[in-house]
Each structure stands twice: as structure tokens, then as C-alpha cells.
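Residue-level structure breakdown
For reference, the chains in residue letters:
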Amino acid sequence: MSVRREKILFFCILCIAAAHGVLLGYVNWGLRDPQGLISYNKIALSLVENFDFHNDETLFPAFFRRPPGYALVLALSYLVLGKNFFAVVALNMTLWLLSITFLWRISTRFLKGE
């Protein structure tokens, strides 16, 4: 496959992935139980405001129920970009497209035999 065709294919894959992410995000907002996202958001806000993983609204500390990685990323996003929902959505989309790019680069290296 020529380099130009490969770049066009990769761009099409990224566009489909972005459209798919936006569509699923829109559809799932009302059809799914958002408790998982709310709990991550509460942990992130607690990290920003109190520098603590503990959430007073639950019986057990939230870090026992949820891994801290995504809450740390959300807290960092809130610190850098402010408490903005669009910034979180843009960050999630960017991370997803970067992971697709990383997977594409790895797969082309293995399939080309470099």
C-alpha cells in the first residue's frame, strides 16, 4: 500500500472513530446509568478541592471502589482547564484518538516487518 493511501485510510479511521465516539456519547447520556461517571467526577472534584480521594457521601472511601487513574486525569483536567464538562469530553476524545494512533503505528510496524 502506498504511503498516500495509508494516510487517507488512517484519516478515515480517525474520522469514523470520532463520529462513533460522539454518537455513542450522545446516545448513552440518556440511556445508561451515569453513576459510574458521577462517582469518578466526585472523586476528581474532591481531589481538586480537598486534595483527598475520600468522598463524604458514601459509606466507604471512593478509592476502594474505583481505581484512581481516571479520577487523577479528570482532576488534572479540572486544574488545567477549569471545571468544564466540554474540556473533559475533549480530553476523552483526544485520548481515544491518540490510542488509536498508537495502535495504528504499532500494527503497521509489526505487519510491515520493520
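Quick summary incoming for the structure in this document. For clarity, every value in this text was computed on a predicted model and none was experimentally measured.

1. Describing unusual backbone geometry
- Positive phi, close to 55°, is recorded for Phe51, a residue that is not glycine.
- Checked against the element boundaries, Phe51 lands in the loop between α2 (35-50) and α3 (68-81).
- Using a relative accessible area of 71% as the deciding quantity, one classes Phe51 as exposed.

2. Regarding the layout of surface pockets
- In this structure, the second largest pocket spans a volume of roughly 250 Å³.
- Lining the second largest pocket are 10 residues, and of these Glu6, Trp104, Arg105, Thr108 and Lys112 sit closest to its centre.
- Those elements that place two or more of their residues in the lining of the second largest pocket are α1 (3-31) and α4 (85-112).
- Sorting elements by how many residues they give to the lining of the second largest pocket places α4 first, with 5 residues.
- In terms of residue class, the lining of the second largest pocket is made up of 3 nonpolar, 1 polar and 6 charged.

3. Overview of the packing of α3 against α4
- The N-to-C vectors of α3 and α4 enclose an angle of 125°; their axes lie 10 Å apart at closest approach. As judged from the angle between their axes, α3 and α4 are oblique. Remark: the crossing between α3 and α4 carries right-handed chirality. Along its contact with α3, which presents Tyr70, Val73, Leu74, Ser77, Tyr78 and Leu81, the element α4 presents Ala87, Val88, Leu91, Asn92 and Leu95.
- Of the residues in the contact of α3 with α4, the class split is 9 nonpolar, 2 polar and no charged.

Conventions adopted
Residues numbered from 1 in each chain as written. Predicted model: local features only at pLDDT ≥ 70, side-chain atom pairs only at ≥ 80, totals over all residues. Heavy atoms only, no water. Helix = DSSP H or I, 4+ residues; strand = E, 2+ residues; numbered from the N terminus. Buried < 20%, exposed > 50% of the residue type's maximum accessible area, 1.4 Å probe, protein only. 1 Å grid on protein atoms, 1.4 Å probe; cavity = no way out; pocket = protein on both sides within 12 Å on 5 of 7 lines; lining within 4 Å. Points joined across faces, edges and corners; volume = space filled by probe spheres on them. Nonpolar A, V, L, I, M, F, W, Y, C, P; charged D, E, K, R; others polar. Axes fitted to C-alpha atoms, helices over the stretch in contact; angles between N-to-C directions. Parallel < 35°, antiparallel > 145°, perpendicular 65-115°, else oblique. Left-handed = near helix turned anticlockwise from the far one by under 90°. Contact = heavy atoms within 4.5 Å.

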